[in-house]
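Remarks on the overall topology
The residues making up each chain are set out below.
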Amino acid sequence: VDNAMVTGNLSFVPNMPRISELWLDANENITGTIPSEIGNARTLRSFSVSECNVTGTIPSEIGSLVDIHQMWLQHNKLTGTIPSDLKEMTSLRILHLEGNMLSGTMPNEICDIDFYSLGSDCYDNVLCACCTCCGN
């Protein structure tokens, strides 16, 4: 539902125990935080909320999505550091976090994952020695 003028927040995601893909890109009326209960959506394989207005931190519970393959969170208003709990997502091959207000260093444990594409704001806010894509 890219650019479909969807409104609301992401609180519904944990209540979808059999969801495998969710792409809500370019829906600026998607607001609020990524709920910590997202870790309960264990069947989620692909998750994208790029270019929305998602705020807050990346919850450490997202690391419970051990079978997820792709996650795009870029160009939102996410803050804080990148949780090392993402290291549990060993099936993850694509992760994009650039265009947020994240800070700190990409945890070494995450760099150990065999990424096809890993992006962050490594020129400005997030030190990332293993990123394949650096944005700001």
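To be clear, the structure that these remarks concern was listed above.
The structure contained in this document is the topic of the report that follows. (Residues numbered from 1 in each chain as written. Predicted model: local features only at pLDDT ≥ 70, side-chain atom pairs only at ≥ 80, totals over all residues. Heavy atoms only, no water.)

**Considering the overall build of the protein chain**
Keep this limit in mind: Strands here are runs of E lasting at least two residues and helices are runs of H or I lasting at least four, both read from the DSSP assignment and numbered beginning at the N terminus. When we talk radius of gyration, it's over C-alpha atoms, and the globule rule is simply 2.2 Å times the number of residues to the 0.38. Any two residues whose heavy atoms approach within 4.5 Å at even a single point are treated as in contact. Accessibility throughout is a Shrake-Rupley quantity obtained with a 1.4 Å probe, and a residue counts as covered only by protein chains that appear here.
Along its length, the protein chain carries one helix and twelve strands. Reading the protein chain from its N terminus to its C terminus gives the helix and strand order β-β-β-β-β-β-β-β-β-α-β-β-β. A compact globule built from 136 residues should have a C-alpha radius of gyration of about 14 Å, and the protein chain, at 14 Å, falls within 12% of that. Counting only C-alpha atoms, the protein chain reaches 35 × 25 × 20 Å along its principal axes. Contacts in the protein chain between residues at least 24 apart in sequence constitute 42% of all its contacts with a sequence separation of at least 6. When the accessible surface of the protein chain is totalled, it reaches about 6,500 Å², and 46% of it is carbon and sulfur.

**Some words on the sheet that holds strand β10 (residues 117-120)**
Our working rule: The pairing criterion for strands is at least two bridges between them, as found by DSSP.
Strand order in the open sheet made by the six strands is β1-β3-β5-β7-β10-β12, with parallel pairing throughout. A strand with exactly one partner marks an edge of an open sheet, and here the two such strands are β1 (21-23) and β12 (133-134).

**Describing the sheet that holds strand β4 (residues 53-56)**
Taken together, the four strands give an open sheet; going across it, the order is β2-β4-β6-β8, and neighbouring strands pair in parallel fashion. Unpaired on one side and paired on the other, β2 (31-33) and β8 (101-102) mark the two borders of the sheet. In terms of strand pairing, β4 meets strand β6 (residues 77-80) through two bridges, oriented parallel. Each bridged residue has a counterpart across the sheet, and for G56 the counterpart in β6 is L78.

**Focus on the pairing of β4**
Relative to β4, β2 is paired through three bridges, and the arrangement is parallel. Following the sheet pairing, T33 is matched in β4 by T55.

**Topic: the pattern of salt bridges**
Any two side chains of opposite charge can pair if their charged atoms end up close together. Note the threshold: What counts as a salt bridge is simple: a side-chain nitrogen of Lys or Arg found within 4 Å of a carboxyl oxygen of Asp or Glu. Exposure categories follow from relative accessible area, calculated using a 1.4 Å probe and restricted to protein chains: below 20% of the type maximum is buried, above 50% is exposed, and the middle band is partly exposed.
This model, assessed by the stated rule, comprises two salt bridges. With a closest N to O distance of 3.9 Å, R45 and D67 form a salt bridge. Placement of the pair is R45 in the loop between β2 and β3 (46-48) and D67 in the loop between β4 and β5 (70-72), with a sequence separation of 22 residues. Owing to a relative accessible area of 29%, R45 belongs among the partly exposed residues under this scheme.

**Some details on the nonpolar core**
Rules: For this analysis, a nonpolar core means a set of buried residues of the types Ala, Val, Leu, Ile, Met, Phe, Trp, Tyr and Cys, connected via side-chain atoms within 4.5 Å.
Core analysis: the biggest nonpolar cluster contains 37 residues, and L10, F47, M71 and L73 have the highest contact counts within it. Leave out the neighbours within four places in its chain, and M71 touches F47, I62, M89, L92, I94, L95 and H96.

**Considering the side chain of D25**
As a reminder of what qualifies: None of His or the chain ends enter the tally, which takes Lys and Arg as positive and Asp and Glu as negative.
Considering the arrangement of structural elements, one finds D25 in the loop between β1 and β2. Salt bridges are absent for the buried D25, whose nearest opposite-charge side chain, K77, sits at 16 Å.

**Some details on the environment of G32**
Its location among the elements puts G32 in strand β2. Between the alpha carbons of G32 and S120 there is a distance of 21 Å; along the sequence they are 88 residues apart. If near-sequence neighbours (up to four positions away) are discounted, G32 is found in contact with N53, V54 and T55.

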